[in-house]
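Residues per chain, in single letters:
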Number of protein chains: 2
Amino acid sequence: MDKILRINMGADGGPEIKEDPLGDYAGLGGRGLTSMIVGKEVPPSCHPLGEDNKLVIAPGLLSGTIASMSGRISVGCKSPLTGGIKESNSGGQGAQVLARLGYAAIVLEGKPKDDTLYKILINKDGVKIEADNSLKMLGNYDLVEKLRAAYGEKVACISIGPAGEMKLSAASVAFTDMEQRPTRHAGRGGVGAVMGSKGVKAIILDDTDMKMRPARDPEKFKAANKEFVAGLKKHPVTGEGLPAFGTNVLTNVLNEAGGYPTLNFSKGQFEGAGKISGETQAALENSRGGEGSATHGCHRGCVIRCSGTFYDKNGRFLTKQPEYETVWAHGGNCGIDDIDAIAMMDRMDDDFGVDTIEMGATIAVAMEAGLAKFGDAQGAINLLKEVGKGTPLGRILGNGAAVTGRVFGVERVPVVKGQAMPAYDPRAVQGMGVTYATTTMGADHTAGYAVATNILGVGGSVDPLKPEGQIELSRNLQIATAAIDSTGMCLFIAFAVLDQPETFQALIDLLNAFYGLEMTGDDVVALGKKILTTERDFNVRAGFTSEHDRLPDFFHKEKLPPHNITFMVTDEELDEVFNW
Amino acid sequence: MDKILRINMGADGGPEIKEDPLGDYAGLGGRGLTSMIVGKEVPPSCHPLGEDNKLVIAPGLLSGTIASMSGRISVGCKSPLTGGIKESNSGGQGAQVLARLGYAAIVLEGKPKDDTLYKILINKDGVKIEADNSLKMLGNYDLVEKLRAAYGEKVACISIGPAGEMKLSAASVAFTDMEQRPTRHAGRGGVGAVMGSKGVKAIILDDTDMKMRPARDPEKFKAANKEFVAGLKKHPVTGEGLPAFGTNVLTNVLNEAGGYPTLNFSKGQFEGAGKISGETQAALENSRGGEGSATHGCHRGCVIRCSGTFYDKNGRFLTKQPEYETVWAHGGNCGIDDIDAIAMMDRMDDDFGVDTIEMGATIAVAMEAGLAKFGDAQGAINLLKEVGKGTPLGRILGNGAAVTGRVFGVERVPVVKGQAMPAYDPRAVQGMGVTYATTTMGADHTAGYAVATNILGVGGSVDPLKPEGQIELSRNLQIATAAIDSTGMCLFIAFAVLDQPETFQALIDLLNAFYGLEMTGDDVVALGKKILTTERDFNVRAGFTSEHDRLPDFFHKEKLPPHNITFMVTDEELDEVFNW
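The shown structure was predicted, so the numbers you read here are calculated from the model rather than taken from an experiment.

Enquirer: Is there a simple way to think about the overall build of chain A in this case?
Expert: Within chain A one finds 24 helices and 17 strands. Considered along the principal axes of its C-alpha atoms, chain A spans approximately 60 × 50 × 50 Å. Counting the 580 residues in chain A, one finds 66% classified as buried. About 18400 Å² of surface is accessible on chain A, with carbon and sulfur atoms providing 50% of the total. Between the mean site of the 59 positive side-chain charges and the mean site of the 73 negative ones, chain A shows a separation of 3 Å.

Below, the structure is given as structure tokens:
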């Protein structure tokens, strides 16, 4: 993992392959690497779909090793959705396989001269690029089926669906999971549109004959991993809650806390929550022969196993167990309590290649505009179908909530920097509001998951309904997250790392043992700050100001039931998040 | 004209009428007044369609007097198109009549509780507001017909078409002309959407029994007006060019200069220019019994008379003589050389209530996206029809070029701050590029019409193809324009004012004689600077930075034939425009 694969899709004689040493980027991985490359090489004022933007795909520092949980991959670029820098993070097999193939990053550059569609094959023999227009407008499921037939059952695929080809701002980059299904997505920020603008439909990764990456100090590495896994197993969130019911365990939790955004962020509790909760979902999945609990990771080496599989009424695979944010987006946020309809939309999103959060938020805005009624599951599915078909309406929706609100003249549009808010109302989880407002990414829960401390009591306790303490909380979480996102580690390790000093130490030991370093906790903090600073600098150069670090007006004006409060953190406080 | 009419459309018991003295706003009119009110009273971060935005309609300082050319009116608000401050300027009868009714401004505030549509009648007896849902979705032509039947042939109407009701960002506010036709529009920036968001379909102004506004020094005022008119008559542009062929006299001029943006700003000359030039148009209009030249002003008191009427093939009135920018937008920019088709689109724009410049630029972007072929007049008309129907495609287009580019993934979108560029390519008229980039309004030729000096040799001479001198030129024009836009004077007086010191003095004499002042040229400059400073301040607080004072990438990259040059003014130079 000491080289960068650069492919210039705009070269005169067709795509041009180059391998660069890491050089200045040595010691970086995942988000750290994508953000440094974008920050240094992409002109902030460029058009996101133009030749000057770059799509950077980077496994984490520990990906491709025996370290558990190290299978996350970062996709970075200038975002077509936000106009700022973007790192979108995904599970699936991509990180482990790409790392074992020796690449710290793939960088897609330039812009093709015509609309030829390409596939890229990377294996032990090198890199091959082929034009293949037979793949045009294939959904991710059909695409992967076709690639499986051609390249076998072991390859990992990175791909875009029709949404990416249409360059829609909600388009995702899909990563196949352990069953070679395109269920894991770098969903946020329209990274799929950038891949589409580069004319690349699929990257096929084959790590046959490639070895696990060796640590500098194998014994210490092994020991650290053992300690690390033990820490994850003993923490109640990673050892019990997530494995038992998956991420959707949060539906009941957030609903009880009054922070479950319902009917396009109109109230904080949803009557139908019980029908779509993780508990209900897991029981249903088990009853149909799917895997509802504790059996399924999204990538090799996962020990939390928060995922599962969702079978339809006839017992046939429909989709992976929909995540909490997806169930919320297509569920409560649209007033929908039909878990089968929600699972169907999850499948459609994965197939078209769009972000489930952005799509659910968008459909709710469309409902506010009168295009369907809140609670109308079939109406929501019909809207989503338009996206796959690429009709004018579908293209509006596929460009996300902000564009949809603009086109239909809707005022209540829950976005920051053009990106839709996820499943936590910032009025009832005020720390989350600080993260939404200030992160470089646009409204993004993963950028500084204050829910942990506001609601779950992890990493201390800060009252979710009050502004006090939220700035510091979000700041620290954003710094830690930027660092974790660089390791390839699943963010869910943070629960144990925040609460258990020995698990945090084990993570540092893993890095030190693998790379032969002597890092301390301070170095991790410094890395996080360096990444955030780079990202903020990009955004400033792209024209962002503190005015963009704000929630939409209605969070300050409309009181959220049942707590009947507004977002109370002041603008002046928000401007302190990055003053460390 | 010493009071402000404020109507709170969001009051609990229905619309609430209030009359305020001018107070702090004394001495201001037109753009000066709209920008000061918006700058002081509208929170820059508010949603443009929300309760906190205000729509300000203000005649100029000399409107409603015997001063010639004083019939321009300003419409201000936070723009739904740009997100910044907006002053959109129109001719028609509104300014003269509203001024004579004694109002310095109408301010529409608040947001109605439901979707009831209102009309407002203002006459000598006062102000009356009535709900009238029978007006819903009427085109401006049918609407005005209906209002004429109800209120007589002498009233002036200010109205929105279906586009304004749908809150589309290209929606205009229409003003009836001397023949009581809705042909004059505050087109730019989506001011019609803001009027729509206030629930106001029409304002009917009846100045029966109201007198001409009296000057402090009537004799001096009369003498100054005589000198002023003489100055306009003797200048070749206002005395000959504009009256003879209307604004469309510019087609041949710009085409010869290689600065006529053709096929979505791909080249600077259009083969079909001769077929749609002012000379051709005027001859055609005359041959059909319309008025092709020197006979028609858009408001009482106009002595330039640059307008005319366009009859269809059967000799029936179709639309007013389409202006140069309209003919360009729907013509050369889309590769269309069919003057009848262009006139038809002008009529449709006026009827739907959308900005002709934005719509033409949008259709060209749609053509670039493949929705119709360049040169396909019927295809363009069909696209425009969608806007009137309010289909999803129509709503995309009706939200302007930037949204259309975004939705269809088009990279070459000629906008600044979200507003489409008018009929002068910034590469071949570099001074215009400076104005487009830096004006507070988004790309707007009227904000600092460098064409005058770059192309027409008015106000000196600056080579249009070189960056030298453009900053100073644009700066001075922007300052002068902000001041002129406050007087109610048509901007076309600038040709004579720039070239003839005695005509400039006559303008100052008009103001001094009317208000009993002792202003000098320096005071006029100071007023212009004050307005620009207020507008810039609003935009900064709305989140604009110098990064928004830039042209899109492709003007720096693609060379424009026939001169084969790019836009060469540097970013550093652009940032000097407002350093005076």
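Next, the rest of the story.
Enquirer: Is there a simple way to explain the pattern of salt bridges in this structure?
Expert: Two side chains of opposite charge can pair, provided their charged atoms sit close to one another. Residue and element names in this part refer to chain A. Scanning the entire structure with this criterion turns up 80 salt bridges over all chains. Here Asp 355 and Arg 188 are joined by a salt bridge, their closest N and O atoms 2.9 Å apart. Note that Asp 355 is positioned in the loop between helix H12 (339–352) and helix H13 (356–368) and Arg 188 in the loop between strand S11 (184–186) and helix H5 (191–197), a separation of 167 residues in sequence. Between Asp 350 and Lys 320 there is a salt bridge whose closest N-O contact spans 2.9 Å.

Enquirer: When you look at the interface of chain A and chain B in this model, what are you seeing that I'm missing?
Expert: Often the size quoted for an interface is simply the accessible area lost on bringing the parts together. Contact with chain A, which involves 34 residues of that partner, is made by 34 residues of chain B. Taking both sides of the interface into account, the surface hidden between chain A and chain B amounts to around 2600 Å²; carbon and sulfur atoms contribute 50%. Of all residues in chain A, A:Arg406, A:Val407 and A:Glu411 bury the most surface against chain B, accounting for 24% of the area lost on that side. At the boundary of chain A with chain B, the tally comes to 6 salt bridges.

Enquirer: Is there a simple way to explain the relation of the copies chain A and chain B in this structure?
Expert: In this structure, two copies of a chain are linked by a rotation about an axis accompanied by a shift along it. For the pair chain A and chain B, the best superposition has an RMSD of 0.0 Å and corresponds to a rotation of 180 degrees with a translation of 0.0 Å parallel to the axis. Look at the turn and shift together and you get a two-fold axis relating the two. The position closest to the rotation axis in chain A is occupied by the C-alpha of A:Pro392, lying 3.0 Å away. Most of the interface of chain A is mirrored in chain B: 100% of its interface residues are interface residues there too.

Enquirer: Would you mind showing me how to read H13(A) here?
Expert: An α-helical turn contains 3.6 residues, so any two residues separated by three or four positions project in the same direction. Residues and elements named next belong to chain A. Given a rise of 1.5 Å per residue, 13 residues ought to cover 18 Å, and the 18 Å separating the end C-alpha atoms of H13 matches this to within 8%. Counting buried residues in H13 gives 12 out of 13 residues, a clear majority hidden from the surface. Buried residues in H13 make contact with helix H11 (324–330), H12, helix H14 (377–389), helix H15 (392–398), helix H16 (400–408) and strand S17 (419–420). Backbone nitrogen of Ile 357 and a side-chain oxygen of the N-cap are separated by 3.2 Å at the start of H13; the cap is Asp 355. Downstream of H13 by one or two residues, Gly 370 has phi in the positive range, about 95 degrees.

Enquirer: Can you help me understand the pairing of strand S9 (residues 156–159) of chain B in this one?
Expert: All names here are of chain B. By the alternation rule, side chains of S9 split into Ala 156 and Ile 158 and Cys 157 and Ser 159, which are all buried. By the bridge criterion, 4 bridges tie S9 to strand S12 (residues 200–205) in an arrangement that is antiparallel. The residue bridging Ser 159 from the neighbouring strand is Ala 202, located in S12. Alignment of S9 against strand S10 (residues 173–175), held across 2 bridges, turns out to be antiparallel. Bridge pairing in S10 places Ser 159 opposite Ala 174.

Enquirer: Mind showing me how you'd approach the packing of aromatic side chains here?
Expert: All chains considered together, the criterion is met by 24 aromatic pairs over all chains. Aromatic side chains B:Tyr260 and B:Phe270 sit 6.4 Å apart centroid to centroid with 15 degrees between the ring planes, which places their arrangement in the stacked category. Of this pair, B:Tyr260 sits in the loop between helix H8 (250–256) and helix H9 (273–276) while B:Phe270 sits in the loop between H8 and H9, and the two are 10 residues apart along the sequence. By relative accessible area, B:Tyr260 is classed as buried at 0%. Site record: aromatic cluster; members linked through ring pairs are A:Tyr260, A:Phe270, A:Tyr324, A:Tyr424, A:Tyr449, A:Phe492 and A:Phe495. Note that A:Arg412 overlies the ring of A:Phe554, its terminal NZ or CZ placed 4.5 Å from the centroid. If you follow B:Lys40 out to its NZ or CZ, it ends over the ring of B:Tyr25, 5.4 Å from the centre.

Enquirer: In this structure, what is going on with the packing of helix H13 (residues 356–368) of chain B against helix H14 (residues 377–389) of chain B? I would like to understand it.
Expert: A pair of packed helices is captured by two measures, namely the crossing angle of their axes and the spacing between those axes. Residues and elements named next belong to chain B. Remark: H13 packs on H14, axes separated minimally by 11 Å, with the N-to-C direction vectors making an angle of 115 degrees. Here H13 runs over H14; the crossing is right-handed. Residues Met 359, Ile 363, Ala 366 and Met 367 of H13 pack against Ala 380, Leu 383, Leu 384 and Val 387 of H14. Taken together, the residues of the contact of H13 with H14 sort by class into 8 nonpolar, no polar and no charged.

Enquirer: Please explain the nonpolar core as it appears in this structure.
Expert: Nonpolar side chains tend to gather and get buried jointly when the protein is soluble and globular. Core analysis: the largest hydrophobic core is formed by 270 residues, its most contacted members being A:Phe228, A:Tyr424, A:Met489, B:Met69, B:Phe228, B:Tyr424 and B:Met489. Setting aside its immediate chain neighbours within four residues, B:Met489 contacts B:Leu62, B:Ala67, B:Ser68, B:Met69, B:Ser70, B:Arg72, B:Phe228, B:Ile484, B:Leu507 and B:Leu510. With 32 residues, the next largest nonpolar core counts A:Leu101, A:Leu108, A:Phe175 and A:Ile203 among its residues.

Enquirer: Got a minute to help me understand the sheet that holds strand S3 (residues 55–59) of chain B in this structure?
Expert: In sheet architecture, strand pairing relies on hydrogen bonds along the backbone and comes in two forms, parallel and antiparallel. Residue and element names in this part refer to chain B. Ordered by their spatial adjacency, 6 strands build an open sheet running S2-S1-S6-S3-S4-S5, and the pairing between neighbours is mixed. Strands with a single pairing partner mark the edges of an open sheet, and in this sheet they are strand S2 (16–21) and strand S5 (85–90). Adjacent strand axes in the sheet meet at a mean angle of 20 degrees when their direction is disregarded. Strand direction decides the pairing type here: S3 and strand S6 (residues 103–109), joined by 3 bridges, are antiparallel. Considered in S6, the bridge of Val 56 is made with Val 107. Running at roughly 15 degrees to strand S4 (residues 73–78), helix H1 (residues 30–41) makes contact with strand S1 (3–8), S3, S4, S5 and S6 of the sheet.

Enquirer: Before we go on, may I ask you to explain the side chain of B:Lys201 in this structure?
Expert: Position of B:Lys201 relative to the elements: it lies in strand S12. The class of B:Lys201 is buried, set by a relative accessible area of 0%.

Enquirer: When you look at the side chain of A:Glu325 in this model, what are you seeing that I'm missing?
Expert: All names here are of chain A. Among the secondary structure elements, Glu 325 is positioned in helix H11. At 8.9 Å, Arg 188 is the nearest oppositely charged side chain to Glu 325, a buried residue that forms no salt bridge. Ignoring anything within four residues of it in the chain, the contact list for Glu 325 reads Ile 357, Pro 422, Ala 423, Tyr 424 and His 445.

Enquirer: When you look at the environment of B:Glu145 in this model, what are you seeing that I'm missing?
Expert: Residue and element names in this part refer to chain B. Along the chain, Glu 145 falls in helix H3 (residues 140–151). Of the residues examined, Glu 145 reaches a relative accessible area of 47% and is grouped as partly exposed. Each C-alpha atom of the pair Glu 145 and Gln 180 lies 8.8 Å from the other, and the pair is 35 residues apart in sequence.

Enquirer: Just checking my understanding: could you explain H16(A) for this structure?
Expert: Burial analysis of H16(A) places 7 of its 9 residues in the buried class, the great majority of the element. Turning to H16(A), its buried residues are A:Gly400, A:Ala401, A:Val403, A:Thr404, A:Gly405, A:Val407 and A:Phe408. Structurally, H16(A) contributes buried residues whose contacts are with H13, H15, strand S16 (415–416) and S17 of chain A together with helix H15 (392–398) and helix H16 (401–408) of chain B. Just beyond H16(A), the residue with positive phi is A:Gly409, at close to 65 degrees.

Enquirer: Which parts of the structure should I look at to understand the sheet that holds strand S3 (residues 55–59) of chain A?
Expert: Residues and elements named next belong to chain A. What the 6 strands build is an open sheet, ordered S2-S1-S6-S3-S4-S5; its pairing is mixed. Edge positions in the open sheet fall to strand S2 (16–21) and strand S5 (85–90), since each of these has one partner strand only. The sheet shows a mean angle of 20 degrees between the axes of neighbouring strands, direction not considered. Helix-sheet contacts for helix H1 (residues 30–41) involve strand S1 (3–8), S3, strand S4 (73–78), S5 and strand S6 (103–109), and the interaxial angle to S4 is about 15 degrees.

Here is what the cut-offs are and how they apply
Residues numbered from 1 in each chain as written. Chains lettered and ligands numbered in written order. Predicted model: local features only at pLDDT ≥ 70, side-chain atom pairs only at ≥ 80, totals over all residues. Heavy atoms only, no water. Helix = DSSP H or I, 4+ residues; strand = E, 2+ residues; numbered from the N terminus. Buried < 20%, exposed > 50% of the residue type's maximum accessible area, 1.4 Å probe, protein only. Areas by Shrake-Rupley, 256 points an atom, 1.4 Å probe, with all protein chains shown as cover. Lys, Arg positive; Asp, Glu negative; His and termini not counted. Charge placed at Lys NZ, Arg CZ, Asp CG, Glu CD. Salt bridge = Lys/Arg side-chain N within 4 Å of Asp/Glu carboxyl O. Contact = heavy atoms within 4.5 Å. Buried area = accessible area lost by both parts, 1.4 Å probe. Least-squares fit on C-alpha atoms with pLDDT ≥ 70 in both. Expected span 1.5 Å × (residues − 1). Polar contact = N/O pair within 3.5 Å; in protein donor to acceptor, adjacent residues only side chain to side chain. Pairing = 2+ DSSP bridges. Phe/Tyr/Trp six-rings, centres within 6.5 Å; stacked < 30°, edge-to-face > 60°. Lys NZ or Arg CZ within 6 Å of the ring centre and 35° of its normal. Axes fitted to C-alpha atoms, helices over the stretch in contact; angles between N-to-C directions. Left-handed = near helix turned anticlockwise from the far one by under 90°. Nonpolar A, V, L, I, M, F, W, Y, C, P; charged D, E, K, R; others polar. Core = buried A, V, L, I, M, F, W, Y, C linked by side-chain atoms within 4.5 Å.

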